[in-house]
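Take a look at the letters that make up each chain.
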Amino acid sequence: MGLLKAEGVIYKATEKVDLSADSHEPYQRANVKAPRMAGFVLKMFAWFLESNIFGPFLLYILKRNNLIHKLVSNAELEESPLYVPLHPFADFSEKEENENLSPSQRVQKAVQCLPPSLSSSSSSNLSFRRYSIMDYFNAYNSAQITPFMVAKRIIGAIGESCDPSLDMAFFINYDIQDILRQAEESTQRYQKGEPLSVLDGVPIAVKDEIDCTPYPTTGGTKWLHLLRSCKSDAYCVMCLRSCGAMLIGKTNMHELGAGTSGINPHYGATRNPYDAGKIAGGSSSGSAAVVAAGLCPVALGVDGGGSVRMPAALCGVVGFKPTFGRTPHSGVLPLNWTVGMVGVISGTIEDAFIIYAAISYQLPSQELSAIPPPKLYFPILNSTSPITNVTLARYGEWFNDCRDDIKTCCSDALEETREKYGWKTIEVTIPEIEGMRLAHYITIGSECSTSLSRYLPNDNMKELGWDVRAALCVYGAFTAQDYVKAQQLRNRLMKFHKSIFAKADVIVTPTTGVTAYPILKDALHTGELDYVNGAALVRYQIAGNFLGLPAVTIPVGYDNMGLPIGLQFIGKPWSEPTLIDIAFAMQALRISNYKKPRVYYDILKKD
């Protein structure tokens, strides 16, 4: 194969790279050379990849044609590798500092930061809004409804969503008796006037990549839970349970998180509540869909490559990913150690903030580094006087590399922030974005392949969906050189982003390059490989994972088919309070235009 060897890019020194708006650094669009495959064609492709005869040659051609060799493997660059995106803490003067508080105390502290109109069940003139955590708490506290009554409604709604006429595939597992038990205990606490927190009795769903008893953790497979038992709650689940949250089950996900569609051949294709014929996005597909459909105000996901923000944007809800290291990863399937983070999907940024406060803490000596993150700070959300003096960094060519309706909607939202808040947008250049996407792909693929090496191959390989079998073949083809070069690029891109954040508070982009696309029948039993749409879905989200940066998506409008569009803000390390403030202000501009999904369950409705 030496005759086919592709030459690598010679990257110039970082200090010579121009990051200004009029830079001559080229913008390289995603160079995806792979047709969509599903059904029998996908099976044939996977067989060839797994073949000892054809596989190595085919994998080499795929890597070369998709510029992995040119931009990463054979590239020449000066930076040393950076294997874990841990950031030193700089004091951002972010309001109030916490002490050693329990999860319920942190939740209470977060609630005190909410505007009065949002921390009460005041009437709203919005055409549509999803019920919030505070709506549930106030309804319970005033005895308008009980957690037990809500639990029965949720169980009924889940059953309806599973009907063949809908087949929404929201959940992999739920336990009616466990839901009712939690609901009864919560109801008794309210009757005694002793709720554990505002989360007491609030329904919350958990992605099936996170340990949550009494359920097995499948990772979207049919076998992984048989080899890795779930013996206790993940730390994030333990925090929510200590606050009294009603955990209603394990949500569907793209198998092993190895895709962006949320089509799972074992548990069904999670369908988008705005159009059941469209994808919900992956890999936290079920978590985004259940929030969008009103089954719960909040769900937990895991974001390894936009896997929280992407489905949230496609389903018209909020997706929030904290700084790497802010939320402990204990009790989460170790599919990607240095890019994955527990994140929050919710109907509003206020609810994401409350859950973030509950689960943000550092377990000593159990994480990748013994260096703890900075103490938790709380923003004061103010609906009458939103945050001002915000500088947004925008890379025009990248920002516009999406469908026209997305570009127009997101640009209009930015213009509105200038008119209403006086926010300033500066144009910048973020170089080597395609190299970053490929380096992230090598990193997440290598870590996933390594994590699963104890279980695969053997007979378990045959139980995977065909799309995941193909993906794992590609992951397994990455070499030590590929991985180390990817980490050199990680260090390089980190420096570029640090320079940009010296001039701006956040980087702003659309969340996805396309809106939700159709679920085709040929993918239902095999899964699908659609790297063109996949690259468009992850286009703007990689920095959050690869560089460990906090990021949030806020719904800002709809395309011409009524499908949601999200706007993303990427923040400085540890700047979650500022990011939440900015997202809250953006939400305030657009929330009056939110539309009700076609599939929606009004759980708190009055009889």
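Before reading further, recall that the structure is shown in the block above.
Here the residue numbers are simple positions, counted from 1 along each chain's written sequence. Residues qualify for local features only when their pLDDT is at least 70, as the model is predicted, and side-chain atom pairs are given and counted only at 80 or more; totals for whole chains, interfaces and linings, by contrast, use all residues. Only hydrogens and water are set aside when side-chain values are computed; all heavy atoms of the structure are taken into account.

Caption draft 1: Expanded view of the side chain of T14. Every helix listed is a DSSP run of H or I at least four residues long, and every strand listed is a run of E at least two residues long, numbered separately from the N terminus. Its place among the elements puts T14 in the segment before strand 1 (37–38). Each residue is assigned to one of three classes by its accessible area relative to the maximum for its type, calculated with a 1.4 Å probe on protein chains only: buried under 20%, partly exposed between the two thresholds, exposed over 50%. For T14, a relative accessible area of 17% gives the class buried. Whenever a nitrogen or oxygen atom comes within 3.5 Å of another N or O atom, the pair is scored as a polar contact, on the condition that within protein one atom can donate a hydrogen and the other can accept it, and that pairs from neighbouring residues in sequence are kept only if both atoms are in side chains. Within the structure, T14 has its side chain in polar contact with the side chain of E15 (distance 3.4 Å). We call two residues in contact when some of their heavy atoms are within 4.5 Å. Setting aside its immediate chain neighbours within four residues, T14 contacts E79, R492, K495 and F496.

Caption draft 2: How the structure looks around helix 18 (residues 531–538). Taken together, the buried positions of helix 18 are G534, A535, A536, L537 and V538. Contact partners of the buried residues in helix 18: strand 9 (275–279), helix 11 (309–314), helix 15 (433–452) and helix 19 (542–546).

Caption draft 3: Layout of the pattern of salt bridges. When a carboxyl oxygen of Asp or Glu lies within 4 Å of a side-chain nitrogen of Lys or Arg, that pair is called a salt bridge. If you walk through the whole model with that rule in mind, you get 27 salt bridges. Among the salt bridges present, the one from D135 reaches R129, with a minimum N-O distance of 2.8 Å. Across the pair D401 and R539 runs a salt bridge, and its minimum N-O distance is 3.6 Å. Taken together, the residues span a long stretch of sequence, with D401 in the loop between helix 13 (396–399) and helix 14 (404–421) and R539 in the loop between helix 18 and helix 19 at a distance of 138 residues. One exposure class covers both D401 and R539, and it is buried. One network of salt bridges, in which partners are shared, links R29, D401 and R539.

Caption draft 4: Inspection of unusual backbone geometry at higher detail. P214 follows T213 through a cis peptide bond whose omega is 10 degrees. Its place among the elements puts P214 in the loop between strand 4 (203–207) and helix 8 (224–227). Put simply, G282 and S283 share a cis peptide bond, and its omega is 5 degrees. Secondary-structure assignment places S283 in the loop between strand 9 and helix 10 (285–292). Residue N389 is not a glycine yet carries a positive backbone phi of 55 degrees.

Caption draft 5: Here's a closer look at the packing of helix 6 (residues 147–161) against helix 7 (residues 176–191). Where helix 6 meets helix 7, the closest approach of the two axes is 7 Å, and the angle between their N-to-C directions is 155 degrees. By the angle class used here, helix 6 and helix 7 are roughly antiparallel. The element helix 6 and its partner helix 7 pack so that their crossing is right-handed. Between helix 6 and helix 7, the residues in contact are P147, F148, A151, K152 and I155 and I176, I179, L180, A183, E184, S186, T187 and Y190, respectively. Think of it as three bins: nonpolar holds Ala, Val, Leu, Ile, Met, Phe, Trp, Tyr, Cys and Pro, charged holds Asp, Glu, Lys and Arg, and polar takes everything else, Gly as well. Residue composition of the contact of helix 6 with helix 7, grouped by class: 9 nonpolar, 2 polar and 2 charged. Think of each axis as a best-fit line through the C-alpha atoms, taken over the contacting stretch in the case of a helix, with angles from 0 to 180 degrees between the N-to-C directions. Roughly parallel here means an angle under 35 degrees, roughly antiparallel means over 145, roughly perpendicular means 65 to 115, and every remaining angle is called oblique. In this scheme the handedness of a crossing depends on how the near helix is turned from the far one: anticlockwise by less than a right angle means left-handed, clockwise means right-handed.

Caption draft 6: Just the sheet that holds strand 4, in detail. Note: two strands are recorded as paired if DSSP finds a minimum of 2 bridges between them. Strand order in the open sheet formed by 11 strands is 3-5-4-10-12-11-18-19-16-14-15, with mixed pairing between adjacent strands. The open sheet has two edge strands with one neighbour each: strand 3 (171–173) and strand 15 (424–427). Going from strand to strand, the sheet's axes swing by 35 degrees on average, the running direction of each strand aside. As judged from the 2 bridges shared by strand 3 and strand 5 (residues 246–251), these two strands associate in the antiparallel manner. From the neighbouring strand, N173 faces strand 5, where its bridge partner is K250. Packed on one face of the sheet, helix 20 (residues 576–590) meets strand 11 (318–321), strand 16 (506–510), strand 18 (551–558) and strand 19 (564–571) and runs near 5 degrees to strand 18.

Caption draft 7: Spotlight on the nonpolar core. Remark: nonpolar core denotes a set of buried residues (Ala, Val, Leu, Ile, Met, Phe, Trp, Tyr, Cys) joined through side-chain atoms within 4.5 Å. Counting residues in each nonpolar core, the largest one holds 198 residues, and the members touching the most others are I355, I359, L472 and F569. The element that contributes the greatest number of residues to this core is helix 12 (residues 349–359), accounting for 9 residues. Those residues within four positions of I355 in sequence are excluded, and the remaining contacts are I133, L199, I204, L240, V298, L300 and V344.

Caption draft 8: Region of interest: the packing of helix 15 against helix 16 (residues 466–476). Contact pair helix 15 / helix 16: the axes reach a minimum separation of 8 Å and the direction vectors enclose 105 degrees. It follows from the interaxial angle that helix 15 and helix 16 lie roughly perpendicular. In this structure, helix 15 contributes Y441, G445, C448, S449 and L452 to the contact, and helix 16 contributes L472, V474, Y475 and G476. Considering only residue class, the contact of helix 15 with helix 16 consists of 6 nonpolar, 3 polar and no charged.

Caption draft 9: Spatial organisation of the side chain of T443. Here T443 lies in helix 15. Separated by 2.9 Å, the side chains of T443 and Q487 make a polar contact. Beyond its immediate chain neighbours, meaning those up to four positions away, T443 contacts T338, V339, Y483, A486, Q487, R490 and F546.

Caption draft 10: Spotlight on the packing of aromatic side chains. Centre distance within 6.5 Å is the pairing criterion for rings of Phe, Tyr and Trp, where only the six-membered ring of Trp is used; planes under 30 degrees apart are then read as stacked, over 60 as edge-to-face, and the remainder as tilted. Overall, the coordinates contain 16 aromatic pairs when judged by the stated rule. Here the aromatic rings of F48 and F54 are separated by 5.3 Å at their centres, their planes lie at 80 degrees, and the arrangement is edge-to-face. A residue is classified by how much of its surface remains accessible, and F48, at 37% relative accessible area, is partly exposed. Judged by relative accessible area, F54 falls into the partly exposed class, the value being 46%. Each ring, one from F128 and one from Y600, has its centre 5.2 Å from the other, and the planes form 85 degrees; the classification is edge-to-face. In this pair, F128 is assigned in the loop between helix 4 (103–111) and helix 5 (133–141) and Y600 in the segment after helix 20, connecting sequence segments 472 residues apart.

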